[in-house]
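Here are the chains, one letter per residue:
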Amino acid sequence: MEKNQQNSPHQTCPESFADSSPVVLLSGDNTRSALMLHQALVNHGLRVHFAPSYDELEPLWQQHRNSAASPIVLLEVSGAHAVEPAVHAALQLKHRDPLLFIGYVADPTLHTSGLAGDAIFPRSPDQLANALQHHFADGDETDTVSANS
């Protein structure tokens, strides 16, 4: 296990962010695009665990909820059809842990579609990694994180 950690691609992200970033629990309605985000975030030095569907997110959260650092949840929303299932998954987790950070990864056209969470991040992998870095470095509490940051 230590060998894998030594060979992981964590050089593209400042060490201070990689070391201090929360564990990310990522899920989405489109497994392929969520896996692409997962890989991009890992390549940026984030510790990411993947749930292939919103239904599989709660068991993943159960595994990590008592970790030393509270995990954050990111829900990738690929289109308007996924808003309701994503909000349902978010509300289920918020009901179990009201302090849990839940962010959505969505296109700007969905920002006003009723996504209920702590933040909305851009879907572009590089913009997402940068937005997460800025959000957690600044302690930002805004609802929408600009893709132009």
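In case you missed it, the structure is sitting above this.
Definitions and cut-offs
Residues numbered from 1 in each chain as written. Predicted model: local features only at pLDDT ≥ 70, side-chain atom pairs only at ≥ 80, totals over all residues. Heavy atoms only, no water. Salt bridge = Lys/Arg side-chain N within 4 Å of Asp/Glu carboxyl O. Helix = DSSP H or I, 4+ residues; strand = E, 2+ residues; numbered from the N terminus. Buried < 20%, exposed > 50% of the residue type's maximum accessible area, 1.4 Å probe, protein only. Core = buried A, V, L, I, M, F, W, Y, C linked by side-chain atoms within 4.5 Å. Contact = heavy atoms within 4.5 Å. Phe/Tyr/Trp six-rings, centres within 6.5 Å; stacked < 30°, edge-to-face > 60°. Pairing = 2+ DSSP bridges. Right-handed = clockwise from strand over helix to strand, strands pointing away. Axes fitted to C-alpha atoms, helices over the stretch in contact; angles between N-to-C directions.

S.K.: How would you summarise the pattern of salt bridges if you had to cite specific residues and measurements?
M.R.: Considering all chains together, one arrives at four salt bridges under this definition. Across the salt bridge formed by Glu58 and Arg96, the nearest N and O atoms sit 2.2 Å from each other. Highlighted residues: Glu58 in helix H4 (residues 57-64) and Arg96 in helix H5 (residues 83-96), separated in sequence by 38 residues. Its salt-bridge partner being Asp107, residue Arg123 comes within 3.4 Å of it at the nearest N-O pair. Here Asp107 lies in the loop between strand S4 (101-106) and strand S5 (119-121) and Arg123 lies in the loop between S5 and helix H6 (125-138), a separation of 16 residues in the sequence. For Arg123, a relative accessible area of 21% translates into the label partly exposed. Here Asp107 falls in the partly exposed class, since its relative accessible area comes to 30%.

S.K.: Report on the nonpolar core, specifying residues and quantitative values.
M.R.: Counting residues in each nonpolar core, the largest one holds 24 residues, and the members touching the most others are Val73, Leu75, Val77, Tyr104 and Leu115. For Val77, the residues in contact, after removing those within four places along its chain, are Asp29, Tyr54, Ala82, Val83, Ala86, Tyr104, Val105, Ala106, Leu110, Leu115 and Arg123. Listed in part, the 17 residues of the second largest apolar core include Leu46, Leu74, Ala119 and Leu128.

S.K.: Describe the packing of aromatic side chains, naming the residues involved and giving the relevant values.
M.R.: Inspection of the entire model under this criterion finds one aromatic pair. Consider the rings of Phe101 and Phe121, whose centres lie 6.4 Å apart with planes at 50°: the pair is tilted. Here Phe101 is found in strand S4, whereas its partner Phe121 is found in strand S5, with 20 residues between them in sequence. Across this residue pair, the class does not change: Phe101 and Phe121 are buried.

S.K.: Can you explain the environment of Leu132? Please cite residues and give values.
M.R.: With respect to the helices and strands, the residue Leu132 is situated in helix H6. Expressed as a C-alpha distance, the spacing of Leu132 and Gly103, which sit 29 residues apart in the sequence, is 9.9 Å.

S.K.: Explain the pairing of strand S1 (residues 24-28) residue by residue, including any values.
M.R.: Regular strands place side chains that alternate from one sheet face to the opposite one. Summarising burial for S1: five of the five residues are buried, a large majority. The alternating pattern of S1 places Val24, Leu26 and Gly28 on one face and Leu25 and Ser27 on the opposite face, and all of these are buried. Judged from the four bridges that link them, S1 and strand S2 (residues 48-51) form a sheet pairing that is parallel. Looking across to S2, one finds that Leu26 is bridged to Phe50. The handedness of the S1 to S2 crossover, carried by helix H3 (residues 31-43), is right-handed.

S.K.: I'd like a description of the sheet that holds S5, backed by residues and values.
M.R.: Taking strand neighbours across the sheet as the criterion, the five strands line up as S2-S1-S3-S4-S5 in an open arrangement whose pairing is parallel. Since the sheet does not close on itself, it has two edges, and those belong to S2 and S5, each with one partner. Within the sheet, the average angular offset between the axes of one strand and its neighbour, ignoring direction, is 25°. Where H3 meets the sheet, its contacts fall on S1, S2, strand S3 (72-77) and S4, and the angle it forms with S2 comes to roughly 170°.

Purely spatial values, then, with no claim about function.
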